[in-house]
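Listed below, chain by chain, are the residues.
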Amino acid sequence: MATSTSLPTPKVIQVDTRGAVILGEESPETRDSRGIYLPNYIEPVSHIAVDVGGSLAKIVYFTRSPEPPASPSITTTRSSSPASITTHSPCTSPSNSSPAIKPSHHNGALTPMVLDNAHHNSLDEGSLRSSLLRRASVQHFPGGSLNFVRFETEKIDECVEFIQSLIHHSATLNGVSIEKMRKGVKIMATGGGAHKFYDLFSSVLEVEVRREDEMECLIEGLKFITLIPDEVYYFSDELIYYHSHLSHVEKYKSDLGQFERPSPNPPQYGVIFESNPTPQLPCLLVNIGSGVSIIKVDEDGKFERVSGTSLGGGTLWGLLSLLTPATSFDEMLALSEKGDNSSVDMLVGDIYGQDYGRLGLKSTTIASSFGKVFKKGVHKLNFSAEDISKSLLYAVSNNIGQIAYMNAEKYNLERIYFGGCFIRGHAATIGTLSYAIRFWSKGKKRALFLRHEGFLGAIGAWIKNITPIEAEEA
């Protein structure tokens, strides 16, 4: 049953995002886990946010380091083609032999307020902030970095081990005992795993664990991340612009030819980034995790889960685990890049021998996903893992795109954000979702994507618990 609720009050968001920069990737597997450098945010932060879903566990935390991150740059975020935002390699995990910070997250430390008790006892809020600014200037670390890491949920012990190593690492860099460090650290947990693994986090990490509402965190995360320059991107709006400038007669004449059904090979439009973002409400958030949740966000911040489907990332992951030798989601996406779905899918041309122009159907349009797999009186053919992967990716993506459009149309929403770890910056996925929205809306609506698409819930859990200094002192 759908429920409607209000967001937490805006005053809890204290993060200074002025000058925020998405850091350059260090290796292909960090594409969706790039840090965000916040040069003007200097308050002590000890919250570690964890969003544990059915397939993946996502971690977000903020660190300060003795010097700014190496080469903060947005040059790698300004892509001109979908292929440049594709990930090809699976994310490596920490070693099972001993707790260790991943190389790309080795610098910097959590800075709990509890480590500044001497300042708390003698300084008011303004003096404390000035003190922190002076200290940051002396130690040459303006601001800090928001960090992102993910693990497979079935390897939750590795996730816990990583958090444990982060706490120990921070205690060492801060020059305090592990006991004192733990007193200042809180785990903000959301997602289904916040309940399932609550005892595990509490007992192993020996820190306070707070559980946060999953939907609230998703929307809070969306509101925050869309304010980061070059975070939101979309395919160029050539068709949207073209269609909006046609007369009613011209639109009628162009409908059949201009907006054919989503095809196996959607047009490759340039990728455009929002360099000067502003809050964009109302909107629709399509969060694609193991399943899909579709959330309507009103202009005043109220939200409601209005739809969803069980056919999501978990469906693709599960079926491809059965049908291909791939052992990770990234391997499955890599296989799909090499595939030809026409050997698996039944196309319009296979049925009619040509285009079906009267209905605007090209011969290459998918008529039936996996329609060629079973034929009576014919021995079962061998289909390649690559072809199977591409066929299933198109089937799931097209289905999600159509459901998203129908909800956007129902609630008269033009901006449709797609989030969740299903997307992974994968060109075929982005192209299919974008083209589906373009077709079904006849070019009137736009699909929007996020650099950190899989971390919305974890970002929201982190953001909504950044407590004002006076509240910490109370």
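Data block above holds the structure.
These figures come from a predicted structure and were not determined experimentally.

**Some words on the pairing of strand β7 (residues 186–190)**
Counting buried positions along β7 gives five out of five residues, so the element sits mostly inside the fold. Burial along β7 is two-sided: the residues K186, M188 and T190 and I187 and A189 are all buried. Bridging between strand β4 (residues 47–52) and β7 involves five bridges; their strand directions are parallel. The residue bridging I48 from the neighbouring strand is I187, located in β7.

**As for the environment of T278**
Inspection of the secondary structure assignment puts T278 in the loop between β10 (271–273) and β11 (283–288). Exposure remark for T278: the relative accessible area of 42% places this residue in the partly exposed category. The spatial distance from the C-alpha of T278 to the C-alpha of P229 is 9.4 Å, given a sequence separation of 49 residues.

**Thoughts on the sheet that holds β4**
The strand order across the open sheet built from seven strands is β2-β3-β6-β5-β4-β7-β8, with neighbouring strands paired in mixed fashion. Each edge of the sheet is formed by a strand with only one pairing partner; in this case those strands are β2 (21–22) and β8 (208–211). Judged from the three bridges that link them, strand β3 (residues 36–38) and strand β6 (residues 144–152) form a sheet pairing that is antiparallel. Within the sheet, the bridge partner assigned to Y37 lies in β6 and is S145.

**Side note on helix α10 (residues 313–323)**
Within the span of α10, buried status applies to G313, T315, L316, W317 and L320. On its buried side, α10 packs onto β5 (56–63), β6, β11, α11 (329–337) and α13 (385–410).

**A word on the packing of α13 against helix α14 (residues 427–440)**
It is the contact of α13 with α14, at a shortest axis distance of 8 Å, that shows an interaxial angle of 40°. Considering the relative orientation of α13 and α14, their crossing is right-handed. Packed against α13, whose contacting residues are L393, Y394, S397, N398, I400, G401, Q402, A404 and Y405, the element α14 presents A428, T429, T432, L433, A436, I437 and W440 at the interface. Partitioning the contact of α13 with α14 into residue classes produces 10 nonpolar, six polar and no charged.

Thresholds applied
Sequence order sets the numbering: in each chain, residues are counted from 1 along the sequence as written. Given that the model is predicted, a residue must reach a pLDDT of at least 70 before its local features are reported, and side-chain atom pairs must reach 80 or more before they are shown or counted; all residues, however, enter totals for whole chains, interfaces and linings. Values reported for side chains reflect all heavy atoms of the structure, with hydrogen atoms and water molecules removed beforehand. Relative accessibility thresholds used throughout: buried, under 20% of the residue-type maximum; exposed, over 50%; partly exposed, between the two (1.4 Å probe, protein chains only). Strands are runs of DSSP state E lasting at least two residues, helices are runs of H or I lasting at least four, and both sets are numbered from the N terminus onward. Here, a strand pair is defined by DSSP locating no fewer than two bridges between the strands. Contacts are assigned to residue pairs with any non-hydrogen atoms lying within 4.5 Å of each other. Convention adopted: a line fitted to C-alpha atoms gives each axis, helices being fitted over their contacting stretch, and angles between N-to-C directions are expressed from 0 to 180 degrees. Crossing chirality is assigned from the near helix's rotation relative to the far helix, an anticlockwise turn below a right angle marking it left-handed and a clockwise turn marking it right-handed. Residue polarity is assigned by list, with Asp, Glu, Lys and Arg as charged and Ala, Val, Leu, Ile, Met, Phe, Trp, Tyr, Cys and Pro as nonpolar; anything else, Gly included, falls into the polar class.

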